[in-house]
Amino acid sequence: MRLLASIRSILLSRMHRTEFRDEMDEELRAHMNLRADDLVLAGKTRDEAERQARVEFGGYERWKEASHEAAGGTVGENLLRDLRFGLRILRRSPMIASVAIVTLALGIGANTAIFSLVDGVWLRPLPIADPAHLVALESVKSRAAAQSDQETGSSYAEFADLRQRVPAFADVAAADRRGVALETPNGLQMLLCEVVSDNYFTFMGAQPELGRLPSESEIERADSPILVLSHKTWKRVFGGDPAIVGKNVNVKGGLATVMAVMPAGFRGTERLIDPQVYVPQSSWTMWSPDELNAPRTIREFEIYARLRQGATLDQAKAQLQELSADLSNSYPQANAGRSFIAEWQAKTSNDGMKVISILVLAIAGAVLLIACTNIANLLLALNDSRRREFAMRVALGATRGRLLRQLVTECAVLATLGVAGALVLAEWLITLVPKLMPDVGFPLGFDFRIDHRVLLFTAVAGVVSVLLCGLLPARSSTRISPLEAMRAKAWPGGRAKMPARKVFVVAQLAVSTALLIATGLLVRTLLNLEAMKMGFNNRQNAVLLSIGVNYQGPQLQAEFNALTDRMRALPGAKDASIARVVPFADSGGGATKVVLAPGETPSETAGMPVWFNSVDNAYFRVMDVPLMRGRSFDGRDAAAGAPVAIVNQTLAKRLFGSDDVVGRSLRIGRQNPLNAEIVGVAYDGKYGDVTETQQPYLYLPLAQDDQREVTLIVTTSESATALLPAARKAVQQASPDAIVLNSQTLTDHMQLATYTNRMAAWLTASLGALALFLTAIGLYGVIAHGVSRRTHEIGVRMALGARRATVFASILKDGLVLALTGIVLGTGLAFMLGRGIGDMLYGVNPSDPVTFFGVGTVVLVTSVLAAMGPARRALSIEPLNALREE
Amino acid sequence: MNEQAQILPGTLDLLILRAVSLGPLHGYGILLRIGQISGNALLVEQGALYPGLFRLVRQGLLKTRWGTSENNRRAKFYELTVAGRKRLLEETQSWNRLVAAMASALAAQPEEL
């Protein structure tokens, strides 16, 4: 019978929900009318009576909700009601609600944006078949002394060996990045080209968007070179021409047939760049036949492999050891001391990026933690002021679980709004990223986007945040003895419940302090790097144009002279020079020449590889490279003149033990060395990387060392950015055959050299500032809450004669104790963090006292400022009012 | 402080059952009756009555019908079900036991121990 009634009641409330609600409304209104009738009888006017009846009834909506709840809704209905109720509570405290939502949006938004970056550079599987089982191969040289020995690519000949002689591999593919000049209606255009082994497309298991990917044998037998376009190139360069497949296009070097268009998002194994065209090696060598038998020492290809069915990576590694030994026997000059190593590609991809990614993600996680504790504190405060409501509901039979569910629902409402805000923020941050990217002259392929993976991450972050910031306060807020709470005021006096909040704030302060210390260290690193002597004037206004010129011998030299003359005549230009490279080229130190030590016998393995540059006579003057001894190159050092060279101090000391070497002879080359007279000694500089140890360096006269890809340097007394387009145009006019591969200002070029440091400093600085900001809000909230709880106590103390200054000081002291505890803990945390980022620091100790002290001061001052507001409010407490409130 | 006492949690149900046991009543009437039978010593916030009523209906202890009040207003009337009457009896006995025990405990003198 009772069960039946219960079911009926529930069914009724569920099936006829609106009728049920209307009926409830009618009943409650009847109650108020009846009460009003009585009051009228007692002599009130009707208006007065109705008003009083409403007041006596209490919160109408609240009792209606509670009644509905008591009548037993379904879970979904309860949820809906909780949602509505939650929204109402939040609307009633708009300040707390908006601070919580904004905090959450900032915390989760930063995490979402950073996760999408990490996903783009590292986590997201490559868009190829079975990316998890791709094996990456590297060729490493044991005891590689010179940085030039540290390249890990392979030559095409080695690729062929790897393909034939490692049975554990089902197939092996090779890829290398080059540039290809394409003739378009708008003139020559440089495209970033992936030169790939003929089996590349089959190997990657890729399907074209348009056309057909030719098989390996087809490519080998093709009469003319084959070109495969990326989706973007097809759209941008060819206007999305649907009939592009089968068309011939003019490429510098010859004709090529477009065979296919790859789908958007395909980029082979590349993560950081987005190749614009793909050319099989067989096609490439039709344009450059001299590359057919490229020496084994030119290791430009990246090699990938897939295991044969049943074979293991360990078997492959063993077979690679054998092959490496065989190769160093057969080709001692190229392969002595080198061996192939293999690892799952997913594990090896870009180690430097991985470290930075983990670091930044961890920092962002810490910021989210701070945001969550802030919200937890806010909710604690909000819930504290609702104790009476909770108590009432418990008294009316609501279970603790019911209240918990209510509170979690409120959190979920907050989280949903926060996550929505976070996605908007993240989307915006991601659109900012390309603007922060350095101008490297080719399309950077960072593929950052908010896809299902990122959404999943955000959802998880949101749920975790709710659990963290909702459940903790909910647990303590619902632990209510109804009797106790009903009798008490809105919240119990004294300082109960504060410890949890204080722990939160101390944790926030600690994390912020540690973060800011890390930021300080990275910023100091950046400053050190920027103040570092580079060995040339890297601060002058100049433009750099890397150009390709298709001449040889005297014609080439005449072309160079014509170009520099033309540049010097540009309005605003000061001087011009041509060099093979400038320091900090994209390829690092770049190519090397082998130099023999005095007395060393020429042999296949003799000498040391040294980075080198081929420069014209103006280079030392234009780039401002100090010459310590001797002279610069000049008119005497022509093609027909005696071979000469300039060495840097390190090379001089390495070879002769002294830098007084002008007039001595230098042998360049391994087996048939060329004698060159040293005419000058140049100041040591940085060449490949700002943090490199001092490297030996060799300068040759451009006139005696033909280079067809060079960098044109034009200095100006005015804006380099303004000069850039004029300079580019002037090159085209002076030499229509020359291709401008890349053009940028020296300032941009130098920014690139310190780009990683800049990004690391920028990221930690913004996250650190966000953390400190959130922490200040948190501290403010806790102290303010403390003051409002102690209003009565403070009133009493003042009434008993406490001076206002004493009260002010006692509030500030509360804040200071928290701040100092947090700072001390944070310093400890920073010691550990500092060790973790040690590799990224330069010229600054991980426990640098200046940074530690400075950051400590900043956090302390911020804390004092945050505590100041509530402390001043305490001052304005009127003892009489405070006492009367009781 | 006035002479009225806040209702102990859980006791509202018992009061409602008792009030209704004397005859069908609408919500407002129940409030008046509680005031009357307790000598106006017990204070119930008016709206707080309704969640209790709805819960008792759901538990099958009360049944309802719509009717007309003495001053001709449409109102919902509550009366006890059989189960409700049984529950009232049980609860009253258990309450009396509690009160007796409490009273004897509070009245105990040191020498009686």
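Residues numbered from 1 in each chain as written. Chains lettered and ligands numbered in written order. Predicted model: local features only at pLDDT ≥ 70, side-chain atom pairs only at ≥ 80, totals over all residues. Heavy atoms only, no water.

(A) Spotlight on the overall build of chain B. The helix and strand inventory of chain B stands at 4 helices and 5 strands. Helices (α) and strands (β) of chain B occur, in sequence order from the N terminus, as β-α-β-α-β-α-β-β-α. Across the 113 residues in chain B, those meeting the buried criterion constitute 42%. Contacts in chain B between residues far apart in sequence, at least 24 positions, make up 52% of those at least 6 positions apart. A total of about 6500 Å² of accessible surface is found on chain B, and carbon and sulfur atoms cover 55% of it. (Helix = DSSP H or I, 4+ residues; strand = E, 2+ residues; numbered from the N terminus. Buried < 20%, exposed > 50% of the residue type's maximum accessible area, 1.4 Å probe, protein only. Contact = heavy atoms within 4.5 Å. Areas by Shrake-Rupley, 256 points an atom, 1.4 Å probe, with all protein chains shown as cover.)

(B) Just the nonpolar core, in detail. All names here are of chain A. Membership of the largest hydrophobic core comes to 63 residues, with the highest contact counts inside it found for Leu-767 and Ile-794. Looking at this core, the elements that each hand over two or more residues are α6 (94-123), α15 (351-384), α17 (400-436), α20 (498-531), α26 (755-789), α27 (791-799), α28 (804-836) and α29 (849-875). Examining the composition of this core, we find that 13 residues originate from one element, α26, more than from any other. For Ile-794, the residues in contact, after removing those within four places along its chain, are Val-787, Val-807, Ile-811, Ala-874 and Ile-877. If you look at the next biggest cluster of nonpolar residues, it comprises 41 residues, including Ala-174, Ala-256, Phe-301 and Leu-327. (Core = buried A, V, L, I, M, F, W, Y, C linked by side-chain atoms within 4.5 Å.)

(C) Representation of the environment of Leu-191 of chain A within the structure. Tracing the sequence through the fold places Leu-191 of chain A in strand β3 (residues 187-196). With residues up to four places along the chain from it excluded, the contact list for Leu-191 of chain A reads Arg-178, Gly-179, Val-180, Leu-182, Thr-233, Arg-236, Gln-276 and Val-277 of chain A.

(D) Region of the structure containing unusual backbone geometry. Residues and elements named next belong to chain A. The phi torsion at Asp-624 lies on the positive side, around 65 degrees, for a residue other than glycine. Checked against the element boundaries, Asp-624 lands in the loop between α22 (619-623) and β15 (627-630). A relative accessible area of 42% means that Asp-624 is categorised as partly exposed.

(E) Region of the structure containing α27 of chain A. All names here are of chain A. Residues of α27 that are buried include every one of Thr-791, Ile-794, Gly-795 and Met-798, and no others. Seen end-on, α27 carries its buried residues on one side only, within an arc spanning 105 degrees. Following α27 by one or two positions, Gly-801 has its phi on the positive side, about 105 degrees. (Arc of directions from axis to C-beta.)

(F) A look at the packing of aromatic side chains. Residue and element names in this part refer to chain A. As enumerated under the stated definition, the model contains 17 aromatic pairs over all chains in all. Each ring, one from Tyr-697 and one from Tyr-699, has its centre 5.1 Å from the other, and the planes form 70 degrees; the classification is edge-to-face. Considered together, Tyr-697 and Tyr-699 belong to a single accessibility category, that of buried residues. Among the aromatic residues, those joined into a ring-pair cluster are Tyr-619, Phe-620, Phe-633, Tyr-687, Tyr-697 and Tyr-699. Lys-593 extends its terminal NZ or CZ atom over the ring of Phe-612, reaching a point 4.9 Å from the ring centre. (Phe/Tyr/Trp six-rings, centres within 6.5 Å; stacked < 30°, edge-to-face > 60°. Lys NZ or Arg CZ within 6 Å of the ring centre and 35° of its normal.)

(G) Fine view of the sheet that holds strand β2 (residues 25-26) of chain B. Residue and element names in this part refer to chain B. Read across the open sheet, the 3 strands follow the order β2-β5-β4; overall the sheet is antiparallel. Bordering the open sheet on either side are β2 and β4 (62-68), each of which pairs with just one other strand. In terms of strand pairing, β2 meets strand β5 (residues 74-80) through 2 bridges, oriented antiparallel. For Leu-25, the partnering residue across the bridge sits in β5 and is Tyr-78. (Pairing = 2+ DSSP bridges.)

(H) Fine view of the pattern of salt bridges. All names here are of chain A. Scanning the entire structure with this criterion turns up 39 salt bridges over all chains. In this structure, the salt-bridge partner of Lys-232 is Asp-274, at a minimum N-O distance of 3.1 Å. Here the residue Lys-232 occupies a position in helix α10 (residues 231-236), and Asp-274 occupies one in the loop between β7 (254-261) and β8 (277-280), the gap between them amounting to 42 residues. Since its relative accessible area comes to 56%, Lys-232 is described here as exposed. Overall, the relative accessible area of 10% leaves Asp-274 in the buried class. Among the ionic pairs, Asp-659 bridges to Arg-629, the shortest N-O distance being 3.4 Å. (Salt bridge = Lys/Arg side-chain N within 4 Å of Asp/Glu carboxyl O.)

(I) Up close: the packing of α6 of chain A against α26 of chain A. Residue and element names in this part refer to chain A. With their axes 12 Å apart at the nearest point, α6 and α26 run at an angle of 160 degrees to one another. The angle between α6 and α26 places the two elements in the roughly antiparallel class. Along this stretch, α6 crosses α26, giving a crossing that reads as left-handed. Contact residues: α6 offers Val-99, Thr-103, Leu-106, Ala-110 and Ile-114, while α26 offers Leu-763, Leu-767, Leu-770, Leu-774 and Ile-777. Here the contact of α6 with α26 is built from residues that sort into 9 nonpolar, 1 polar and no charged. (Axes fitted to C-alpha atoms, helices over the stretch in contact; angles between N-to-C directions. Parallel < 35°, antiparallel > 145°, perpendicular 65-115°, else oblique. Left-handed = near helix turned anticlockwise from the far one by under 90°. Nonpolar A, V, L, I, M, F, W, Y, C, P; charged D, E, K, R; others polar.)

(J) Structural context of the pairing of strand β11 (residues 542-548) of chain A. Residues and elements named next belong to chain A. Counting buried residues along β11, 6 of its 7 residues qualify, which places the element largely inside the surrounding structure. Bridging between β11 and strand β20 (residues 709-716) involves 7 bridges; their strand directions are antiparallel. Bridge pairing in β20 places Leu-544 opposite Ile-713. As defined by bridge partners, β11 adjoins strand β21 (residues 739-745) across 6 bridges and the pair is classed as antiparallel. When the bridges of β21 are listed, Ser-546 appears paired with Asn-742.

(K) Structural detail: the environment of Pro-870 of chain A. Residue and element names in this part refer to chain A. Structurally, the position occupied by Pro-870 is in helix α29. Given a relative accessible area of 0%, Pro-870 falls into the buried group. Between the C-alpha atoms of Pro-870 and Val-782, which are 88 residues apart in sequence, the distance is 9.4 Å.

(L) The arrangement of the side chain of His-749 of chain A in detail. All names here are of chain A. With respect to the element layout, His-749 can be found in helix α25 (residues 746-753). According to the relative accessible area criterion, His-749 is buried, its value standing at 4%. A distance of 3.2 Å separates the side chain of His-749 from the backbone oxygen of Phe-584, its partner in a polar contact. Ignoring anything within four residues of it in the chain, the contact list for His-749 reads Leu-544, Val-582, Pro-583, Phe-584, Ala-585 and Gln-744. (Polar contact = N/O pair within 3.5 Å; in protein donor to acceptor, adjacent residues only side chain to side chain.)

(M) Quick peek at the packing of α27 of chain A against α28 of chain A. Residues and elements named next belong to chain A. Where α27 meets α28, the closest approach of the two axes is 10 Å, and the angle between their N-to-C directions is 150 degrees. Of the possible angle classes, the one that applies to α27 and α28 is roughly antiparallel. Between α27 and α28 lies a crossing whose hand is right-handed. Between α27, through Ile-794, Arg-797 and Met-798, and α28, the contact on the second element is made entirely by Arg-804, Val-807, Ser-810 and Ile-811. Within the contact of α27 with α28, the residues separate by chemical class into 4 nonpolar, 1 polar and 2 charged.

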